[in-house]
Every structure is written in C-alpha cells, then in structure tokens.
Amino acid sequence: MKMQSVGFKADSKLEAFINQKFKKLEKLESTITGYDIILNVDKSSTKDNKVVEVKIKVPGSELFAKKKSTSFEEAADLVSEALRTQILKYKEVKSSK
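The paragraphs below set out a description of the structure included in this document. From a predicted model like this one, the values you see are computed outputs, not experimental measurements. (Residues numbered from 1 in each chain as written. Predicted model: local features only at pLDDT ≥ 70, side-chain atom pairs only at ≥ 80, totals over all residues. Heavy atoms only, no water.)

Let's shift gears to the nonpolar core. Phe22, Leu25, Tyr35, Leu39, Val54, Ile56 and Leu83 are the most contacted members of the largest nonpolar core, which has 23 residues in total. Among the elements of the structure, α1 (12–23), β2 (34–41), β3 (50–58), β4 (61–69) and α2 (72–96) are those that each provide at least two residues to this core. For this core, the element with the most residues is α2, which contributes eight residues. Apart from residues no more than four positions distant in its own chain, leucine 25 is found in contact with Ile32, Tyr35, Ile56, Ser80, Leu83, Arg84 and Ile87. (Core = buried A, V, L, I, M, F, W, Y, C linked by side-chain atoms within 4.5 Å. Buried < 20%, exposed > 50% of the residue type's maximum accessible area, 1.4 Å probe, protein only. Helix = DSSP H or I, 4+ residues; strand = E, 2+ residues; numbered from the N terminus. Contact = heavy atoms within 4.5 Å.)

Dropping the structure here:
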C-alpha cells in the first residue's frame, strides 16, 4: 500500500484510519495486488477541499475512485464505498468469464 500526501504531512492517526478502511476491501476481493493512495488539499476556497484518490490493482484491471469532502476521513469513506461497488462489478464480470 503506497500512500502519498501532497502539500502536507499526514499524521499517523489519519494514515492508520485510511489503511484500515482500504484493507477491508481485501475481504471482498482477495486478488488485490496493490493500492496507490493520494491525499491532497484542493486549492479551492470551499470547505470540502480534502481529496482522496485511490487506485487499486487487480489482475487484468485497475479500479479508481476520487472523492472530495470536508475531511479526509469522510472522503476516504466515500472512496471506499465507490471502490466497493467497483469491486463487486469486477467480481461479477470475472465470474462470468
């Protein structure tokens, strides 16, 4: 799991929360080979400027989601839900082959 925070230093509590959040996805799909996670603060003047981008590598494909919210934790929750849906679709396609 590769995590990168752009323009700030993520504290260990935030990193632990995000690691735990995305490790749960491995229970849905055991063939996940890696994660690329980018945490970023958007330069907009709005409060929902915390961005979480996640790319998950699975055999033959990559799944990606990017969400913005008022906190990194909330954005990670939104990304996790989006990726959960994508993983379920990936498994459906994989099992129909």
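Moving on from the coordinates now.
Turning our eyes to something else, we now look at the packing of aromatic side chains. On inspection of all chains with the given rule, the structure shows two aromatic pairs. For the ring pair phenylalanine 8 and phenylalanine 72, a centre distance of 5.0 Å and an interplane angle of 15° mean the geometry is stacked. Here phenylalanine 72 lies in helix α2 and phenylalanine 8 lies in the loop between β1 (2–6) and α1, a separation of 64 residues in the sequence. Relative to tyrosine 35, the ring of phenylalanine 22 lies with its centre 6.5 Å away and its plane at 50°, an arrangement referred to as tilted. Taken together, the residues span a long stretch of sequence, with phenylalanine 22 in helix α1 and tyrosine 35 in strand β2 at a distance of 13 residues. Assessed through its relative accessible area of 0%, phenylalanine 22 is described here as buried. Look at tyrosine 35 and you get buried, because its relative accessible area is 4%. (Phe/Tyr/Trp six-rings, centres within 6.5 Å; stacked < 30°, edge-to-face > 60°.)

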